[in-house]
There are 2 protein chains.
Amino acid sequence: MLNHGAVDRIFHALGDSNRRAIVERLSRGTMSVSDLAKPLDITLAAVVQHLQVLEESGLVRTEKIGRVRSCQLEPGGLRVAEDWLSNRRGLWERRFDRLGELLDGPERPNPTPRKKTKT
Amino acid sequence: MLNHGAVDRIFHALGDSNRRAIVERLSRGTMSVSDLAKPLDITLAAVVQHLQVLEESGLVRTEKIGRVRSCQLEPGGLRVAEDWLSNRRGLWERRFDRLGELLDGPERPNPTPRKKTKT
DNA sequence: TCCATACTTAAGTATCTGCTTGACCATCTA
DNA sequence: TAGATGGTCAAGCAGATACTTAAGTATGGA
């Protein structure tokens, strides 16, 4: 399971609940490492390690100013994950619609915006 | 990190690349366990274990018909993850916009991190 | 009935992960 | 300049995780 594309790193990073908690807090605003650590019931060092993972995955950007490291969300990272999910869901739901058509005619209450059929 | 809400289970499940590969294939159509296993370079038993995790997280539904277990995607599971992500991103981007307005216009690429106030 | 197919389950293992401790460095404030 | 504050780094450990093997069950077909 040693893959390591961008998507892999992002979903791996989001797989941990403390890291998701960090993303959650950062979505409400930029924050220092020790501010992030405060409500987290783990040591500062552990938070730093989580931040490393988050930064390598592209979900978070950090910048050190003086002795304080300021952390902020990188929305593009979230976007990548979101897109992966919505593409998969889209594929499935389109397939499902087509099956519905086959089974009982063109009576779909949910009009999927159809573009060109690829493949 | 022994949380275990729905979101936790879903992101944990998506954290593994083989499990994501399974979701990927299932997004293209219903499939049996051994069909899923074929391109995966791990044993059938391992695939069954991954499917267990996916099913418990609500990302996949399976049904046994005769001796074949047929697996399909549960789009609602993907939806939960998607929503979590887009909510966080939304929060961040809305904050970002507001800050941009405050500063001087709708196009601030780099919000200056404020550092002077203590407490 | 016999064999193959399609899983299922349990037990064991190697590797990974999250976390801690403790020593350390850099910056700020009095 | 001294001490406090904020963060960094490395080593090590316990438990989680992904995986394997091996033995077993249920179903389908000849």
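Everything below is about the structure printed above this text.
Residues numbered from 1 in each chain as written. Chains lettered and ligands numbered in written order. Predicted model: local features only at pLDDT ≥ 70, side-chain atom pairs only at ≥ 80, totals over all residues. Heavy atoms only, no water.

A. Looking closely at the interface of chain A and chain B. Between chain A and chain B, the residue contacts involve 37 residues of the former and 36 residues of the latter. In total, about 3500 Å² of surface goes out of reach between chain A and chain B, with carbon and sulfur atoms giving 61% of it. Across the pair Arg20 of chain B and Asp8 of chain A runs a salt bridge, and its minimum N-O distance is 2.9 Å. Viewed at the interface, chain B and chain A are joined by eight residue pairs in polar contact (both at pLDDT 80 or more). Of all the elements in the fold, those that place two or more residues in the side of chain A that touches chain B are α1 (6-14), α2 (17-26), β2 (60-65), β3 (68-73) and α5 (75-104) of chain A. Broken down by class, the residue content of the side of chain A that touches chain B amounts to 15 nonpolar, 10 polar and 12 charged. (Contact = heavy atoms within 4.5 Å. Buried area = accessible area lost by both parts, 1.4 Å probe. Salt bridge = Lys/Arg side-chain N within 4 Å of Asp/Glu carboxyl O. Polar contact = N/O pair within 3.5 Å; in protein donor to acceptor, adjacent residues only side chain to side chain. Helix = DSSP H or I, 4+ residues; strand = E, 2+ residues; numbered from the N terminus. Nonpolar A, V, L, I, M, F, W, Y, C, P; charged D, E, K, R; others polar.)

B. Seen up close, the protein's contact with DNA strand D. If you check the shell around DNA strand D, you find 22 residues, and the closest are Ser34, Arg67 and Arg69 of chain A together with Thr43 and His50 of chain B. At 2.3 Å, a side-chain N or O of His50 of chain B approaches a phosphate oxygen of DNA strand D. Taken together, the elements giving at least two residues each to the surface near DNA strand D come down to α3 (33-37), α4 (44-57) and β3 of chain A together with α2 (17-26) and α4 (44-57) of chain B. Broken down by element, the surface near DNA strand D gets its largest block of residues, four residues, from α4 of chain B. Its residues assigned to classes, the surface near DNA strand D shows eight nonpolar, eight polar and six charged. (Near = heavy atom within 4 Å.)

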